[in-house]
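Spelled out from the first residue to the last, the chains are:
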Amino acid sequence: MNQIEKWLQKGLINEELAKILSEDLKTENEKKRKTATQIVIYTIGVILLGIGVISFVAGNDWILELLEKTPLLQVFVLFFFALLSLYLGWELGYNKKNFPRLGGALVFLSTILIGTVYIQMGQTYNWSTNASSVLTLWLLSIFPAAFIFNSKPVNWICIILFLITFPYYYYEWQYDSGEVWTIFMPFCLFGILYTFANIPAVNKKFSSFALSYKMTALVPAFFTFLILIFSAEESYQMLNWHYLIVPAVITGINLWNYFADKSRLKKHETIFITALMVFILSLLVLKMVNPAVIMFFAHVFIIWIIAEGLKWGYEFENVSLINMNNFFLLIYLLCVYCRYGWNFLDKTLFFLLGGIGLLALGILLEKGKRKKLLKVKEEE
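Residues numbered from 1 in each chain as written. Predicted model: local features only at pLDDT ≥ 70, side-chain atom pairs only at ≥ 80, totals over all residues. Heavy atoms only, no water.

As for the overall build of the protein
- Helices and strands together make up the secondary structure of the protein, namely 15 helices and zero strands.
- A burial count over the protein gives 37% of its 380 residues as buried.
- Taking contacts inside the protein between residues at least 6 apart in sequence as the whole, the part at least 24 apart equals 65%.
- Entry remark: accessible area of the protein is about 22,600 Å², with carbon and sulfur atoms responsible for 67%. (Helix = DSSP H or I, 4+ residues; strand = E, 2+ residues; numbered from the N terminus. Buried < 20%, exposed > 50% of the residue type's maximum accessible area, 1.4 Å probe, protein only. Contact = heavy atoms within 4.5 Å. Areas by Shrake-Rupley, 256 points an atom, 1.4 Å probe, with all protein chains shown as cover.)

Take a look at the structure:
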């Protein structure tokens, strides 16, 4: 609305056009509010419906007795409701398109019910309900649905399941061992998610999914490097050849992604991921590594992540990416300042310099944001 008034004052538009634009903008904002309300209502309604069915079953002894006598029937009933929810979601939201928000909520419910099916099967046939095999089946079953229905909620469930399943696989099969686990796992989570997001079919057709994978991947990598600048082991000796597989596969697919799309962004990302995988392999293969060297490269990678994130965030005008890297920058500067400043500065000077530094950083980021927005307006 303020932008329309500025255009009117500069004489770029007349009063009649300004009135039309204001009404259209008001209508669009109302539609967005209604859509958000509908999503909340449908989501809560679907959850209450599921709880109601469970309560009905739990409150009738004859149903519980019947299900206990025939364990396979428990699985069948849950599977039936999962398929029914998926079918209704498809019909209402994607086929007839009468109720797209309700259809999306029902598809989301079906992915949750599918998980309960596998958990119930695990209990029925004496599987461990925490086993990575159950979580893997759940992930593989609903992962295609995220792309078929273009569902962001289902996509986030898949991301969460992956972040749980992949580490648990190594833990369950006892491939982990002490220091190797702490250095290997978060970087591999980063590499897998980020490299998958750069696959051309995913990056072009599902750009919102690709962005969610990349932003999620940056979190474990950043905080692991943050830990390494404070403490690093002298040795991350590799004790099992399985640790070589994932970094090698990540590097190979990452290089293939680059040759499939030789853009400037892909070039920077390929160099970064390859350098990170080489860093991991060097820590795993070398018997002794100087902790000072590890800490140095941790600083380098953190600065690299923040610089690249801010660069591409401003270039593509992605507010989420900019905010995330501003948060990373703030945390990094605070950690470095507290580590070195507390030991070498007078305490009064420590707090004064810290406060002045943060204020200066805020002003610098604000000026950078205004400069970028002004440049965009001039281009428009």
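That shown, we press on.
As for helix 12 (residues 264–285)
- Taking 1.5 Å of rise per residue, the 22 residues of helix 12 would be expected to cover 32 Å, and the 32 Å separating its terminal C-alpha atoms lies within 8% of that figure.
- Buried within helix 12 we find Lys-266, Glu-269, Thr-270, Phe-272, Ile-273, Leu-276, Met-277, Phe-279, Ile-280, Leu-283 and Leu-284. (Expected span 1.5 Å × (residues − 1).)

Here's the deal with unusual backbone geometry
- Despite not being glycine, Asn-150 shows a phi value in the positive range, around 50°.
- Tracing the backbone through its elements, the reader meets Asn-150 in the loop between helix 6 (132–148) and helix 7 (152–172).
- Under the relative-accessibility criterion, Asn-150 is labelled partly exposed at 48%.

Concerning a nonpolar patch on the surface
- Residues Phe-76, Phe-80, Phe-81, Leu-84, Tyr-87 and Leu-88 make up a contiguous nonpolar surface patch of about 580 Å² in total accessible area.
- Its location among the elements puts Phe-80 in helix 4 (residues 71–95).
- You can call Phe-80 partly exposed: its relative accessible area is 45%. (Patch = residues over 30% accessible without salt bridge, like charges linked within 9 Å, V, L, I, M, F, W, Y side chains within 5 Å. Salt bridge = Lys/Arg side-chain N within 4 Å of Asp/Glu carboxyl O.)

Description of the confidence of the model for the protein
- This prediction gives the protein a mean pLDDT of 77; 67% of its residues lie at or above 70.
- Per-element mean pLDDT across the protein ranges from 58 in helix 3 (residues 61–69) up to 91 in helix 10 (residues 207–228). (pLDDT = per-residue confidence, 0-100.)

Section: the environment of Tyr-94
- Its place among the elements puts Tyr-94 in helix 4.
- As a C-alpha pair, Tyr-94 and Gly-104 span 10 residues in sequence and 8.5 Å in three-dimensional space.
- Setting aside residues up to four positions removed in sequence, Tyr-94 forms contacts with Gly-89, Gly-103, Gly-104, Val-107 and Phe-149.
- A distance of 3.1 Å separates a polar side-chain atom of Tyr-94 from the backbone oxygen of Phe-149. (Polar contact = N/O pair within 3.5 Å; in protein donor to acceptor, adjacent residues only side chain to side chain.)

Some remarks on the side chain of Asn-318
- Inspection of the secondary structure assignment puts Asn-318 in the loop between helix 13 (291–315) and helix 14 (319–344).
- Reaching out from Asn-318, the side chain makes a polar contact with the backbone nitrogen of Ser-320 at a distance of 3.2 Å.
- The residues contacting Asn-318, other than those within four sequence positions of it, are Leu-211 and Gly-313.

Things to note about helix 11 (residues 242–260)
- Here helix 11 contains 19 residues, and its C-alpha end-to-end distance of 28 Å stays within 8% of the 27 Å for a straight helix at 1.5 Å per residue.
- Of all the positions in helix 11, only His-242, Tyr-243, Val-246, Pro-247, Ile-250, Thr-251, Asn-254, Asn-257 and Tyr-258 are classed as buried.

Looking at the pattern of salt bridges
- Enumeration according to the criterion identifies two salt bridges in this entry.
- Measuring nitrogen to oxygen at the nearest pair gives 3.0 Å for the salt bridge that ties Glu-269 to Lys-214. Linking Glu-269 in helix 12 with Lys-214 in helix 10, this pair joins segments that are 55 residues apart in sequence.
- By relative accessible area, which is 6% here, Glu-269 ends up buried.
- The class for Lys-214 is buried, based on a relative accessible area of 12%.
- Between Glu-315 and Arg-264 there is a salt bridge, with its nearest N and O atoms 2.5 Å apart. One end of the pair, Glu-315, is in helix 13; the other, Arg-264, is in helix 12, and 51 residues separate them in sequence.
- A residue is classified by how much of its surface remains accessible, and Glu-315, at 36% relative accessible area, is partly exposed.
- Overall, Arg-264 belongs to the partly exposed group, its relative accessible area being 45%.

Observations concerning the packing of helix 12 against helix 13
- One can describe the packing of helix 12 onto helix 13 by two numbers: an axis separation of 12 Å at closest approach and a directional angle of 165°. Classified by the angle between their axes, helix 12 and helix 13 sit roughly antiparallel to one another. Helix 12 and helix 13 meet at a crossing whose hand is left-handed. For the pair helix 12 and helix 13, contact is made by Arg-264, Leu-265, His-268, Ile-271, Phe-272, Ala-275, Leu-276, Phe-279 and Leu-283 and by Ile-294, Phe-297, Phe-301, Trp-304, Ile-305, Glu-308, Lys-311, Trp-312 and Glu-315, respectively.
- In terms of residue class, the contact of helix 12 with helix 13 is built from 13 nonpolar, one polar and four charged. (Axes fitted to C-alpha atoms, helices over the stretch in contact; angles between N-to-C directions. Parallel < 35°, antiparallel > 145°, perpendicular 65-115°, else oblique. Left-handed = near helix turned anticlockwise from the far one by under 90°. Nonpolar A, V, L, I, M, F, W, Y, C, P; charged D, E, K, R; others polar.)

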